[in-house]
Amino acid sequence: QQQVRQSPQSLTVWEGETAILNCSYENSAFDYFPWYQQFPGEGPALLIAIRSVSDKKEDGRFTIFFNKREKKLSLHITDSQPGDSATYFCAASGNAGAKLTFGGGTRLTVRP
Amino acid sequence: GPKVLQIPSHQIIDMGQMVTLNCDPVSNHLYFYWYKQILGQQMEFLVNFYNGKVMEKSKLFKDQFSVERPDGSYFTLKIQPTALEDSAVYFCASSLRSQNTLYFGAGTRLSVL
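Residues numbered from 1 in each chain as written. Chains lettered and ligands numbered in written order. Predicted model: local features only at pLDDT ≥ 70, side-chain atom pairs only at ≥ 80, totals over all residues. Heavy atoms only, no water.

### Let's talk about the overall build of chain A
Part 1 of the argument: Broken down by element type, chain A carries zero helices and eleven strands.
Part 2 of the argument: From first element to last, N terminus to C terminus, chain A shows the α and β order β-β-β-β-β-β-β-β-β-β-β.
Part 3 of the argument: For chain A, whose C-alpha radius of gyration is 13 Å, the value lies close to the compact-globule estimate of 13 Å for 112 residues.
Part 4 of the argument: Its C-alpha atoms put chain A at 40 × 30 × 20 Å along the principal axes.
Part 5 of the argument: Taking all 112 residues of chain A together, the buried fraction comes to 48%. (Helix = DSSP H or I, 4+ residues; strand = E, 2+ residues; numbered from the N terminus. Rg over C-alpha atoms; globule rule 2.2 N^0.38 Å. Buried < 20%, exposed > 50% of the residue type's maximum accessible area, 1.4 Å probe, protein only.)

Below, the structure written as structure tokens:
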């Protein structure tokens, strides 16, 4: 039973386009949603995160849109660059602690 | 940024043997975690550890698994004995406090033959 789901599994966009990565969750107790970026051979690195009290979080070219009612969120990467090519993981945790539940990841390829 | 180091990057062992995976967490961090990722699947929580004790563990953290951080050195995951289904990439992570950002290592790929 997957508590955090991501779609699509893989996504290819052209340089300069906006990539949209989707995430949904089941557990209403989740209130913290980080997105991690992982390059081959490396560990996941925190990219951007949002708490459930907000519906939007922006950091440069990266924006999270959060819909608490529908238990959905999305990561938008504007002006995508080839260096953004990586696997992106949506994760979630509740107030009780920092144990993160991860989604299956979206592999993003940005073509020049 | 802060670095978590994992040693070795790849370990190959025969089924039934013991293996110890080592993690050097960020120096001032207090909370430590192990995650397991089978190829092509999502990363799954195994265990977290604070103040010398296991705080929480998942059903994936079998009786054959143990963790410790003796004398503030490496945070280790020991599997004894290993099974074929233990083949995976194991990620170590650490955080300063329980609500803080987790910093991950690059993972140790364990191959059980």
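Further notes follow.
### Points about the state of the cysteines
All names here are of chain B.
Part 1 of the argument: Going through the model one piece at a time under the given rule, you end up with two disulfides over all chains.
Part 2 of the argument: Through a disulfide, C23 is tied to C92; the S-S separation comes to 1.9 Å. Taking the sign of the S-S torsion, about -65 degrees here, the bridge from C23 to C92 comes out left-handed. Remark: C92 occurs in strand 9 (residues 88–95) and C23 occurs in strand 3 (residues 19–24); sequence separation between them is 69 residues. (Disulfide = S-S within 2.5 Å.)

### Thoughts on the packing of aromatic side chains
Residues and elements named next belong to chain A.
Part 1 of the argument: Counting across every chain of the model gives 16 aromatic pairs over all chains.
Part 2 of the argument: Plain terms: the ring middles of F33 and F66 are 5.0 Å apart, the flat faces sit at 40 degrees to each other, and that makes the pair tilted. Of this pair, F33 sits in strand 4 (residues 30–38) while F66 sits in strand 7 (residues 62–67), and the two are 33 residues apart along the sequence.
Part 3 of the argument: For F33, a relative accessible area of 0% translates into the label buried.
Part 4 of the argument: Taken together, a centroid distance of 6.2 Å and an interplanar angle of 85 degrees make the contact between F89 and F102 edge-to-face. Taken as a pair, F89 in strand 9 (residues 86–94) and F102 in strand 10 (residues 101–102) lie far apart in primary sequence, 13 residues in all. (Phe/Tyr/Trp six-rings, centres within 6.5 Å; stacked < 30°, edge-to-face > 60°.)

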